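Observations on chain architecture
Okay, here's what each chain looks like letter by letter:
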Amino acid sequence: MNDLLGHELRKALSDHSNYNNNHVSGQRKNRAAAAATGDLFDEWVNELDFHDMVSSKEAKKEYFLTADDLANVRYEPIGGGFGIGPPTKCYLHEHLVKTSVRKHGRAGVVKKLEARNKREEKKRMREEQAEQARKRLKTITNTSADGAAAAAAATATTKTASASDTQEIKNLRKGLLKMAKENMGFQMSGAPKNWKIEVPGISKATFAALMGRPTDVDLESFVKKGAYYKEQYDASTLFGTYEAQLTKDFNRECVTQNIGPYVSVRYKPSTMELSISGYAEMYATMSYRLFG
């Protein structure tokens, strides 16, 4: 077994001829092209330079590994500090490839790469279908200069709730922001914690309106993954307010947290459950107390 493993690793890792001048360090290549030529394994091995560093999150995802698998892999701590959290564990691409092949074997890795490629292809098809639906929706709704002006306003850096929002949607946006702020806080390390809120009883029509597409009650312009519709969405637009209002002061700690510019929105129509999650950025504030 060790001889076979050594042969596979030498074959996969020692062929520097697979690199070319167009290779950009740290950038993953097009997997669809690799699938078309049947070179998924070699592409996976050579998509990064040997010395490129990979975070623990990416290590699990890209190399089909678990936390236990990474426990004995040498890593380098990078980053960390006040308001940021602990350092990120980063691993060498070469070490991760060896660990993955040692665990799954070459054939096992190829099987996992093929399965992932099929999932990504299905995802691309769903995204294309949703994009076509969005174009049809835009054609229907954007029939006047006012529609064009509204579309331009939607891309502004500072956004407010759409003027077409019903009072119900406006109230919902305010309530969601209040809930998000209530869930902001700190990790044990002192860094801002990620927050998440869940709201039951949200209909398809309400979800579509909340996401700025009130006429798409069948959600054709949204990408569905499994049982859920998921989107990254602008926080200011979702909460119907200005960026300056997406803050929460922690006076005792003398810091302020800002909700990140984008939030993750997930909706499950079968149970009518809406969940929104995001992160916060933190900076120190100065406070003074006067004594008489």
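Scroll up for the structure.
Treat the numbers as computed from the prediction; the structure is a model and nothing was measured. (Residues numbered from 1 in each chain as written. Predicted model: local features only at pLDDT ≥ 70, side-chain atom pairs only at ≥ 80, totals over all residues. Heavy atoms only, no water.)

**Things to note about the packing of aromatic side chains**
Within a pair of aromatic rings, the relevant descriptors are the distance that separates the centres and the angle that separates the planes. Inspection of the entire model under this criterion finds 8 aromatic pairs. With a centroid separation of 6.0 Å and an interplanar angle of 55°, the aromatic rings of Tyr75 and Tyr91 are classed as tilted. In this pair, Tyr75 sits in strand 2 (residues 75-78) while Tyr91 sits in strand 3 (residues 88-92), placing the two residues 16 residues apart along the sequence. Given the relative accessible area of 41%, Tyr75 is considered partly exposed. When the centroid spacing of 4.7 Å and the interplanar angle of 70° are considered together, the rings of Phe186 and Phe250 count as edge-to-face. Residue Phe186 is located in the loop between helix 8 (167-182) and strand 4 (195-199), and its partner Phe250 is located in strand 7 (residues 247-250); the two are separated by 64 residues in the primary sequence. Through a chain of ring-to-ring contacts, three or more aromatic side chains come together here, namely Phe207, Phe222, Tyr229 and Tyr267. Taking the ring centre of Tyr75 as reference, the NZ or CZ of Lys89 above it sits at 4.9 Å. (Phe/Tyr/Trp six-rings, centres within 6.5 Å; stacked < 30°, edge-to-face > 60°. Helix = DSSP H or I, 4+ residues; strand = E, 2+ residues; numbered from the N terminus. Buried < 20%, exposed > 50% of the residue type's maximum accessible area, 1.4 Å probe, protein only. Lys NZ or Arg CZ within 6 Å of the ring centre and 35° of its normal.)

**A word on the sheet that holds strand 2**
Spatially, 3 strands are ordered 1-3-2 in an open sheet, and the strand pairing comes out antiparallel. Since the sheet does not close on itself, it has two edges, and those belong to strand 1 (53-55) and strand 2, each with one partner. Each strand axis lies, on average, 40° off the axis of its neighbour in the sheet, ignoring direction. As defined by bridge partners, strand 2 adjoins strand 3 across 4 bridges and the pair is classed as antiparallel. By the bridge assignment, Glu76 is partnered in strand 3 with Cys90. Seen against the sheet, helix 4 (residues 56-63) touches strand 1 and strand 3 and runs at an angle of roughly 95° to strand 1. (Pairing = 2+ DSSP bridges. Axes fitted to C-alpha atoms, helices over the stretch in contact; angles between N-to-C directions. Contact = heavy atoms within 4.5 Å.)

**Quick word on a positive patch on the surface**
On the surface, Lys57, Lys61, Lys112, Arg119, Lys123, Lys225 and Lys230 cluster together into a patch of positive charge. In terms of residue count, helix 6 (residues 93-141) provides more of the positive patch than any other element does, 3 residues in total. Mapped onto the secondary structure, Lys57 falls in helix 4. Classification of Lys57 by relative accessible area gives exposed; the value is 68%. (Patch = residues over 30% accessible without salt bridge, like charges linked within 9 Å, V, L, I, M, F, W, Y side chains within 5 Å. Areas by Shrake-Rupley, 256 points an atom, 1.4 Å probe, with all protein chains shown as cover. Salt bridge = Lys/Arg side-chain N within 4 Å of Asp/Glu carboxyl O. Lys, Arg positive; Asp, Glu negative; His and termini not counted. Charge placed at Lys NZ, Arg CZ, Asp CG, Glu CD.)

**What to know about helix 8**
Residues separated by three or four positions in an α-helix point in the same direction, a consequence of the helix having 3.6 residues per turn. When the terminal C-alpha atoms of helix 8 are compared, their 23 Å separation across 16 residues agrees well with the 22 Å that a helix rising 1.5 Å per residue should span. Among the residues of helix 8, Ile169, Leu172, Arg173, Leu176, Leu177 and Ala180 are the ones counted as buried. Looking straight down helix 8, one finds its buried side chains confined to an arc of 135°; they lie on one side. Structural note: helix 8 exposes Glu168, Lys174, Lys178 and Glu182 on the side pointing more than 90 degrees away from its buried face. Each element contacted by the buried residues of helix 8 is listed here: strand 4, helix 9 (204-210), helix 10 (235-239), strand 8 (255-259) and strand 10 (273-278). (Expected span 1.5 Å × (residues − 1). Arc of directions from axis to C-beta.)

**Brief notes about the nonpolar core**
Counting 31 residues, the largest nonpolar core has Trp195, Phe207, Leu238, Phe239, Ile259, Val263 and Leu274 as its most contacted members. Discounting chain neighbours no more than four positions away, the residues touching Leu274 are Ile197, Glu198, Val199, Ile202, Phe207, Leu210, Val265, Arg266 and Tyr267. Listed in part, the 18 residues of the second largest apolar core include Trp44, Tyr91, Val101 and Val109. (Core = buried A, V, L, I, M, F, W, Y, C linked by side-chain atoms within 4.5 Å.)

**What to know about the side chain of Asp52**
Here Asp52 lies in the loop between helix 3 (40-46) and strand 1. Classification of Asp52 by relative accessible area gives buried; the value is 7%.

**Quick word on the environment of Gln245**
Positionally, Gln245 belongs in the loop between helix 10 and strand 7. For the pair Gln245 and Ile259, spaced 14 residues apart in sequence, the C-alpha to C-alpha distance is 9.2 Å. Residues in contact with Gln245, not counting those within four places in the same chain, are Leu177 and Lys181.

**Thoughts on unusual backbone geometry**
One non-glycine residue with positive phi stands out, namely Cys254, at about 60°. Mapped onto the fold, Cys254 is located in the loop between strand 7 and strand 8. The exposure class assigned to Cys254 is partly exposed, which follows from its relative accessible area of 29%. We note that Met272 has phi near 60°; this positive angle belongs to a residue other than glycine. Within the secondary structure layout, Met272 lies in the loop between strand 9 (262-268) and strand 10.

**Looking at the pairing of strand 3**
The pairing of strand 1 with strand 3 spans 3 bridges and is classified as antiparallel. Each residue of the ladder has a partner; that of Val54, found in strand 3, is Tyr91.

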